[in-house]
Amino acid sequence: MTALDDKINQRFPGLVVRKDLVKAVKGNAIVPSYVLEFLLGQYCATNDEASIQSGIETVKEILRKHYVHRNEAGLIRSNIREKGRWKVIDKISVDLNTDKDAYEATFANLGIKKVIIDSDTVKAHPKLLVSGVWCIADVEYEHSEDKNVEPWIMGSIKPIQLSKFDYDAFLEARAGFTTEEWIDLLFQTVGFDPEMFGRRSKLLQLMRLVPFVERNYNLIELGPKGTGKSHIFSEFSPHGILISGGEVTVPKLFVNNNSGKIGLVGYWDVVAFDEFAGRQKRVDKALVDIMKNYMANKTFSRGVETLGAEASMVFVGNTKHNVPYMLKHTDLFEELPEKYYDSAFIDRLHTYVPGWEIDVIRGEMFSSGYGFVVDYLAEILRHMRNDDYSNRYKELFTLSSDISTRDRDGVNKTFSGMMKLLFPADNATEAEIEEILHLAAEGRKRVKDQLLRIDSTYPETDFSFAAQDGRKVAVKTLEETEYPQYYYKRATGHDEPTSADATDISGTLTSNAVRRAAEPKAASIGPREEHKVFSENQKGVTFADLFWPWLEGATNIIVTDPYIRMFHQVRNLMEFIEMIAARKAPEDEVAVRLITCPDDVYPEKQKTNLTAVESASTAAGIKFSWEFDGTNTIHARHVVSDTGWKISLDRGLDIFQKFEMNDAFSLANRLQAYRQVKAFEVTYLRKSIGSA
């Protein structure tokens, strides 16, 4: 186990489980993860390997005996009849039979209906009345000569969810973790290995949890297939429900005017619409109108009566095109169903999670570390829905006065939700508050900037915020940084600045000026002294763009980087040499010298890899050599050449996030421009020719 896993077990004994165990016990059971973790939490909430293996066998035995597979329902029904009583794990829903004035349960997999259930049980668990709840139940069989009497009787029922928790103990245990450790714990709880993701990617995925912790929160995530958009809403919590976007009706979602029965928003904390995208989807306009009113006012009408609810709304769907295509031709909401492609609906969204920044899920991304039993965390999040953290930044930062009330609400609710997730004890530093506020403002800005493309009546909005010392923090979306030549497109009729020098308050060129500034100029200007900052998850960054304009014509290049040790770091070095080989004249020779530090763990492997780089370089007329720093204390990372330039990199050559290196059919493997980068900075400085 890692040091983090040890700490998790020490601080939260009995409330955590090893995340890879879910796959170990699930088999072919079509059952949500929180059901399995409920059982694993009872028998495997330990770090003792022998106890874990014993617990796994116990859980498997429980599932084997009591989980109802649809194709074995007949056998289970027979067991109940022959034995008189049997415990089953099934999804149970309840309806009121008004003719009999009695509540009747339906077992989804077992295939039995009209099972009498007492009203006290229904009152204690009202979600039984809406879409059903996974339960462990005792079912009895009692034959009757009366054909109108069903033989099935509900003996006992226990919804699979936590019965109680100690919130103060939760806060006390949280205090024992650093921010980075806590983020990793939450990330492992969701099921992913934090080592495979950068900080921004972790925070973006954790934003999916905000609807569980924030009332009446409206979130949308659109992006490529396979990024796990719907996983949290189907598997993570017994307080959320995932439904197909095409299966929604007004009675199902809000209220049935004939029966008076309240819909999903009255019973669930989160209602998520899966496969929401699709221009051709048929949508009831009345549903859209009620949805817009509910998302704005938290209310809906039943005849003359107005009702309120607290359910957050989540919309997830796939995009057909990549981001630059959408920005050039349409907008980032292009895949919404036609009736939802409406500025009034879009304006009610508090944040837009950029699904294209989240990598397609691969097998090695799943965690084998410890995380909360998800039902425990689900109850914690539900408890925190009563709190409001939206004012926690106001002593340190002030939002721009340009931000409207609706924009401000979007920023505040996202900020509040993320603060509850990461800093429930309200112990964030100023830098951490700034990071969360920036992320919250960016999510709402993404919504607003696309509205400017759709509806010309929406004004330009400055989403910056100011620190107490007067420092201005400009907020940009990542796609704004990557594709400025397309990003600032506006709806027809929108007034754009006519001045070539038009700037926003942060000094950034806007509109037409930005498009002109984004046009290629390197050929006319040439390499110059400058400082560049790259954001985490940014794409389109290559060694050729970073280095070649400053290295062109060099015959002697020295790379100083203490961390050319692991395989991926040596591969980065090889790609640096490939860049030189592809661009220098075939008849030219270039000497590349590496100064690095020895690998204390696998020194021989490091030497073998560097020797392989030396051998491969020779064929291209590149004389590669290396030396280990004798003091083993170098920290600077830079590239110096005899062209008179020094290029300082705070991460050295290790700028790319992890990607699948063994996939020969992955563009990220073949082309650097398709990889996401870590956050890094680079500075270009002139030096005297011949100086070190």
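You'll find the structure just up there.
Residues numbered from 1 in each chain as written. Predicted model: local features only at pLDDT ≥ 70, side-chain atom pairs only at ≥ 80, totals over all residues. Heavy atoms only, no water.

(A) Broad picture of the sheet that holds strand 16 (residues 465-467). Strand order in the open sheet formed by three strands is 15-16-17, with antiparallel pairing between adjacent strands. The open sheet is flanked by strand 15 (397-399) and strand 17 (472-473), the only strands paired with a single partner. Examined bridge by bridge, strand 16 and strand 17 share two bridges and lie antiparallel to one another. Residue pairing for strand 17: Phe-465 is matched across the bridge by Val-473. Here helix 18 (residues 430-454) sits on the sheet and contacts strand 15, strand 16 and strand 17; the angle it forms with strand 15, its principal contact strand, is near 15 degrees. (Pairing = 2+ DSSP bridges. Helix = DSSP H or I, 4+ residues; strand = E, 2+ residues; numbered from the N terminus. Contact = heavy atoms within 4.5 Å. Axes fitted to C-alpha atoms, helices over the stretch in contact; angles between N-to-C directions.)

(B) Structural context of unusual backbone geometry. The phi dihedral of Asn-216 falls on the positive side, at around 50 degrees, and the residue is not glycine. Among the secondary structure elements, Asn-216 is positioned in the loop between helix 10 (210-213) and strand 7 (218-223). Overall, Asn-216 belongs to the buried group, its relative accessible area being 8%. With a phi angle near 65 degrees, Lys-298 is a residue other than glycine that sits in the positive phi range. Looking at the secondary structure, you find Lys-298 in the loop between helix 13 (285-297) and strand 10 (299-302). (Buried < 20%, exposed > 50% of the residue type's maximum accessible area, 1.4 Å probe, protein only.)

(C) Layout of the pattern of salt bridges. Applying the stated rule across the entire model yields 46 salt bridges. The closest approach of N and O atoms between Lys-19 and Glu-37, which form a salt bridge, is 2.8 Å. Note that Lys-19 is positioned in the loop between strand 1 (16-18) and helix 2 (21-26) and Glu-37 in helix 3 (residues 33-43), a separation of 18 residues in sequence. Looking at Lys-19, the relative accessible area reads 7%, which means it is buried. Taking relative accessible area as the criterion, Glu-37 reaches 3% and is therefore assigned buried. (Salt bridge = Lys/Arg side-chain N within 4 Å of Asp/Glu carboxyl O.)

(D) Geometry of the nonpolar core. Judged by nonpolar contacts, the single largest core of 91 residues is most densely connected at Phe-12, Ile-89, Phe-372, Met-418 and Leu-422. Every residue in contact with Phe-12, bar those within four places of it in the chain, is listed here: Phe-170, Ala-173, Arg-174, Phe-177, Trp-182, Leu-185, Phe-372 and Tyr-376. Counting 48 residues, the second-largest nonpolar core is a separate cluster that includes Phe-254, Tyr-294, Leu-332 and Leu-451. (Core = buried A, V, L, I, M, F, W, Y, C linked by side-chain atoms within 4.5 Å.)

(E) Representation of the environment of Glu-150. When you line up the elements, Glu-150 lands in the loop between strand 5 (133-141) and strand 6 (152-159). Given the relative accessible area of 32%, Glu-150 is considered partly exposed. Counting along the chain gives 38 residues from Glu-150 to Ile-112, while the straight-line C-alpha distance between them is 9.7 Å. Not counting the four nearest positions on each side in its chain, Glu-150 is found in contact with Lys-113 and Lys-114.

(F) Region of the structure containing the packing of aromatic side chains. Applying the stated criterion across every chain, the model contains 42 aromatic pairs. With a centroid separation of 5.8 Å and 65 degrees between ring planes, the pair formed by Trp-182 and Phe-372 is classed as edge-to-face. Separated by 190 residues along the polypeptide, Trp-182 in helix 8 (residues 179-190) and Phe-372 in strand 14 (residues 370-372) bring together distant segments of the chain. An identical accessibility class is assigned to Trp-182 and Phe-372; each is buried. Taken together, the ring pairs in this structure connect Phe-12, Tyr-167, Phe-170, Phe-177, Trp-182, Phe-372 and Tyr-376 into an aromatic cluster. Note that Lys-7 overlies the ring of Phe-177, its terminal NZ or CZ placed 5.7 Å from the centroid. (Phe/Tyr/Trp six-rings, centres within 6.5 Å; stacked < 30°, edge-to-face > 60°. Lys NZ or Arg CZ within 6 Å of the ring centre and 35° of its normal.)

(G) Structural detail: the side chain of Lys-413. Tracing the backbone shows Lys-413 in helix 17 (residues 405-422). Taking the relative accessible area as the measure of exposure, Lys-413 reaches 16% and is therefore buried. In this view, Lys-413 contacts Val-210, Glu-214, Arg-215, Asn-216, Tyr-217 and His-350; residues no more than four positions away in its chain are not counted.

(H) Summary view of helix 5 (residues 73-83). Listing the buried residues of helix 5 in full gives Ala-73, Ile-76 and Ile-80. Summarising the axial view, the buried residues of helix 5 lie within an arc of 65 degrees, below the 170-degree limit, and thus occupy one face. Facing away from the buried surface of helix 5 by more than 90 degrees, the exposed residues are Leu-75, Arg-81 and Glu-82. Gly-84 lies just past helix 5 and shows a positive phi near 90 degrees. (Arc of directions from axis to C-beta.)

(I) Main features of the sheet that holds strand 24 (residues 680-686). The strand order 18-24-23-22-19-20-21 describes an open sheet built from seven strands, whose pairing is mixed. Among the strands making up the open sheet, the edge pair consists of strand 18 (530-534) and strand 21 (622-628). Across this sheet, the average inter-strand angle for adjacent strands is 15 degrees, counted without regard to direction. Taken together, the five bridges between strand 19 (residues 556-560) and strand 20 (residues 590-596) define a ladder with parallel strand orientation.

(J) Fine view of the pairing of strand 7. Burial within strand 7 is extensive, with six of its six residues counted as buried. Side chains Asn-218, Ile-220 and Leu-222 of strand 7 all project onto a buried face; the interleaved residues Leu-219, Glu-221 and Gly-223 project onto the opposite face, where all are buried too. Bridge count for strand 7 against strand 12 (residues 312-318) is six bridges, and the pairing is parallel. Following the sheet pairing, Asn-218 is matched in strand 12 by Met-313. In the sheet, strand 7 pairs with strand 13 (residues 351-354) via four bridges, with the strands oriented parallel.

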